[in-house]
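Descriptive structure summary
Below are the chains, spelled out letter by letter.
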Amino acid sequence: MSTENLPAESKPCGSCEHGHDDTPLPRNALVIASGVTLTLGMALRFLDVGAAALHTALFALATLSGGLLVFPAAFKALQKAKLDMNVLMTVAVTGAWLVSEGAEGAAVVFLFALSELLESWSVGRARRAIASLLKLAPETALMRSKDGSLIETDVKEVPVGAEISIRSGARIPLDGKVLDGSSSVNQAPITGESVPVDKKPGDTVFAGTINGEGSLTVQVTKAAADSTLARIIKLVEEAEEQKAPTQRFVDKFATIYTPAVFIVALLVALLPPLLMGGAWSEWTYRALVLLVIACPCALVIATPVSIVSGLTALARRGVLIKGGAYLEAVGRLRALAVDKTGTITQGKPRVTGVIALAGLNANEVLRRAAAIDIHSTHPLAQAVVEAALERGITPEPAADYRSITGRGASAAIEGHPHFIGNHKLAHELGVCSPEIEARLAEIENRGESLAILGHTPHEGCAGAALGILSIGDTLRPEAADALTLLHEAGIENIVMLSGDNQRTVDAIARLAGIDEAHGDLMPEQKIEHIRRLMAAHHHVGMIGDGVNDAPALALASVGIAMGAIGSDTAIETADMALMKDDLTRVAEAIALGRRTLRIIQFNVTFALVVKAIFLILAFTGHTSLWLAILADTGATLLVIMNALRLLGGATNLNPRDL
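Residues numbered from 1 in each chain as written. Predicted model: local features only at pLDDT ≥ 70, side-chain atom pairs only at ≥ 80, totals over all residues. Heavy atoms only, no water.

**Some points on unusual backbone geometry**
Note the threshold: Segments assigned H or I by DSSP are reported as helices when at least four residues long, segments assigned E as strands when at least two residues long, and all are numbered from the N terminus.
Positive phi values are uncommon outside glycine, yet A358 reaches one of about 55°. Located in the positive-phi region is E414, a residue other than glycine, with phi close to 55°. Along the chain, E414 turns up in the loop between β14 (408-413) and β15 (416-421).

Following this line, the structure appears as structure tokens:
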């Protein structure tokens, strides 16, 4: 079994010591030569054509051709006092020739070398899928020189701060900020999203993404080695080097199992002839069959190919998981804790409604409100100004602006004193009425903030409320459906943990379909809730921003960062990072994690059952070297193809298919 495409510590039983990792062409040629000479020798013998010496010579050539891929590795393993699968095969082949079964010895070598070749191809396919990301970013960029001309420059030599030109239809070579131009950019290689994203001056673009129809001038913000794409590739490569718990178990099992098999085979070859008068040739042959059958190829390869395929499939969809251990952990999740702001909600206050009073219309209410709030940096005030601008309303300058701490603000508009503020300010100014109170209560019950615009009472004027603006951190469009998918994927309990007030948290939880909601929490209180969930469900995930929720993310079985694109901290902090702000990707990751677990469990069980059946047949003399190697090769290839289903089916992954 060859595993040169696996990370070093994932290569089982010393089988990486082939000495041909960098020369696949000679390896292919040797396997083909072994197969051709074996087939020719068997055909001539079957047709009784040619002398027996010719047949033997062909079988010897087949053994030598295939053996060049096995015997040197076996010798290196013995030098290190290891008993690996190459040693198993070498002993079996040598024994077959010693008992005058040259054809079977040649078949053992050829089929083993062929299984190594096919396995190397299959594992390499999973690795090449993510390595192909390296080709996404161009090797050169059109950099603007001091005299304004464009010079084609190696991306490694483009400094941070330089300006580069991106032509329509071209791939973006480096991370940067748009200085001039507008276009739509296909960000699928980074985020997995299929819909192009509109870019305008001030927006961020990423290396490896594809520019649309427009041309862009971009200021480079990261060197080539530090781009988001480079970090993704590095993260996935590191993730593939981290063993999953099942893989660690199998590796430990193999280190004990392989020497034990040698001892058992030796006893099978010696004890029956010595103690029961059995024929030496018969029991030596049975021992050789046992060695071939016992080779744990399928067992050892079952987990790493599945893990690499799963990690790669998710990386293609903009979900990064930091290793096989976390992929298995994602597959075992039973409860999920979520932050509110930026996770379930958009994370940005927006005006959700305008109620016009005193004969005004909604646009006039927004115009006057924005005239006051344009002087403030408060998030709610900025939301009001933004809402006015979105409607094409230009706020007019207001005179005598004054901030009222904890209440709101006041200013003169067209010579008349106005105010905008909270419920408390309206009460203090005496402009509330039962009708207004009812409307305010309705807004507050939805968990939204509010701002009341009115005439300030002054000499000759009793004052009046002119309008009410409801302001909320709106629910993500996909949140409700994503939470439904999470439940369908097997998450038993979804709990919101937020520092926001309980009434707002309850309102958002009702809209999203969350099972439990806890507000007014400090970071240490979030940890207490995570501990409670882990006591009840054992496997708990936490979704946060990767920074503010760091303690809870660290404590959870799997810490998940939302919207890590462009955020180095989020990628480094969490165990799992969603490159795009899309909660449905969490459900997809859990679905794929569960599918990966099922495939690993099936592969390991299948490999063990096949081994057990053929070991019994070997003891009883009901199998041969031919059947032994066919069973071992077949089991290995079936395990590999089963694992590669993760890679092929991930593009159409639907959690509802589970």
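**Let's talk about the sheet that holds strand β5 (residues 183-186)**
The test is simple: Note on pairing: DSSP must find at least two bridges between two strands before they are called paired.
With antiparallel pairing, the three strands of this open sheet are ordered in space as β6-β5-β8. What marks the edges here is a single partner per strand, and that holds for β6 (197-199) and β8 (210-211). Of the pairings in the sheet, the one linking β5 to β6 comprises three bridges and is antiparallel in character. Residue pairing for β6: S183 is matched across the bridge by K199.

**Some remarks on the nonpolar core**
So the rule is basically this: Think of a nonpolar core as a cluster: buried Ala, Val, Leu, Ile, Met, Phe, Trp, Tyr and Cys residues, connected wherever their side-chain atoms sit within 4.5 Å. Only protein chains enter the accessibility calculation, which uses a 1.4 Å probe; a residue is then buried when its area is under 20% of its type maximum, exposed when over 50%, and partly exposed in between. We call two residues in contact when some of their heavy atoms are within 4.5 Å.
Counting 54 residues, the largest nonpolar core has I344, L486, I514, M576 and V586 as its most contacted members. When residues in this core are grouped by element, the largest group, nine residues, is from helix α22 (residues 584-620). Leave out the neighbours within four places in its chain, and I514 touches V338, I344, L483, I494, V495, M496 and A509. Judged by nonpolar contacts, the second largest core, of 44 residues, contains A106, L117, V292 and A618.

**A closer look at the sheet that holds strand β7 (residues 204-205)**
With respect to topology, six strands assemble into an open sheet ordered β2-β1-β3-β9-β4-β7, the strand pairing being antiparallel. Edge positions in the open sheet fall to β2 (150-154) and β7, since each of these has one partner strand only. As defined by bridge partners, strand β1 (residues 140-144) adjoins strand β3 (residues 163-166) across two bridges and the pair is classed as antiparallel. Opposite L142, over in β3, you have S165 as the bridge partner.

**Observations concerning the pairing of strand β16 (residues 449-455)**
Most of β16 is tucked away, with six of its seven residues classed as buried. Relative to β16, β15 is paired through four bridges, and the arrangement is antiparallel. Residue pairing in the sheet places F419 in a bridge with G454 of β16.

**Describing the pattern of salt bridges**
Quick note on the threshold: Every case where a carboxyl oxygen of Asp or Glu lies within 4 Å of a side-chain nitrogen of Lys or Arg is listed as a salt bridge.
Here the structure, examined in full by the defined rule, presents 17 salt bridges. Note that R334 and E492 form a salt bridge whose closest N and O atoms lie 3.9 Å from each other. Taken together, the residues R334 in the loop between α11 (324-332) and β11 (335-338) and E492 in the loop between α17 (479-488) and β18 (493-497) connect sequence positions 158 residues apart. Between R532 and E516 there is a salt bridge, with the nearest N and O atoms lying 3.3 Å from each other. With R532 in helix α19 (residues 523-537) and E516 in strand β19 (residues 516-518), this pair connects stretches of sequence that are 16 residues apart. On the basis of relative accessibility, which here comes to 36%, the residue R532 falls in the partly exposed class. In the salt-bridge network here, residues are joined through shared partners; they are E364, R367, R368, E396 and E414.

**Quick look at the packing of aromatic side chains**
Formally: Centres within 6.5 Å are what make two rings of Phe, Tyr or Trp a pair, Trp counting through its six-membered ring; a difference in plane orientation under 30 degrees is then read as stacked, over 60 as edge-to-face, and the rest as tilted. Here, a charge over a ring is recorded when the distance from Lys NZ or Arg CZ to the ring centre is within 6 Å and its angle to the ring normal is within 35 degrees.
In the structure shown here, the tally under the stated rule is one aromatic pair. A centroid spacing of 5.8 Å and a plane angle of 10° characterise the contact between F602 and F606, whose relative ring orientation is stacked. Here F602 and its partner F606 are both found in helix α22, four residues apart, which amounts to about one turn of the helix. Accessibility expressed as a relative area gives 47% for F602, which makes it partly exposed. In this structure, R286 packs its charged tip against the face of W283, placed 4.3 Å from the ring centre.

**Digging into the side chain of R367**
Spelled out, the test is: Pairs of N or O atoms within 3.5 Å make up the polar contacts considered here, provided that, within protein, one atom can donate a hydrogen while the other can accept it, and that residues adjacent in sequence are counted only when both atoms are side-chain atoms.
Here R367 is to be found in helix α13 (residues 362-373). On the basis of relative accessibility, which here comes to 14%, the residue R367 falls in the buried class. For R367, the side chain forms a polar contact with the side chain of E364, separated by 2.6 Å. Sequence-distant contacts of R367, defined by excluding residues within four places in its chain, comprise I393, E396 and E414.

**A few points about the packing of α13 against helix α14 (residues 379-390)**
Stated precisely, the cut-off is as follows: Lines fitted to C-alpha atoms define the axes here, with helix axes fitted over just the stretch in contact, and angles between the N-to-C directions of these axes take values from 0 to 180 degrees. If an angle is under 35 degrees, it is roughly parallel; if it is over 145, roughly antiparallel; if it lies from 65 to 115, roughly perpendicular; otherwise it is oblique. Throughout, a crossing is termed right-handed when the near helix is turned clockwise from the far one, and left-handed when it is turned anticlockwise from it by less than a right angle. Three classes are used, and their members are as follows: Ala, Val, Leu, Ile, Met, Phe, Trp, Tyr, Cys and Pro are nonpolar, Asp, Glu, Lys and Arg are charged, and the others, Gly among them, are polar.
Packing of α13 against α14 brings their axes to within 9 Å, and their N-to-C directions diverge by 135°. When the axes of α13 and α14 are compared, the pair comes out oblique. Regarding α13 and α14, the two cross each other, and that crossing is left-handed. In contact with L366, A369, A370 and D373 of α13, α14 contributes A381, V384, V385, A387 and A388. Partitioning the contact of α13 with α14 into residue classes produces eight nonpolar, no polar and one charged.

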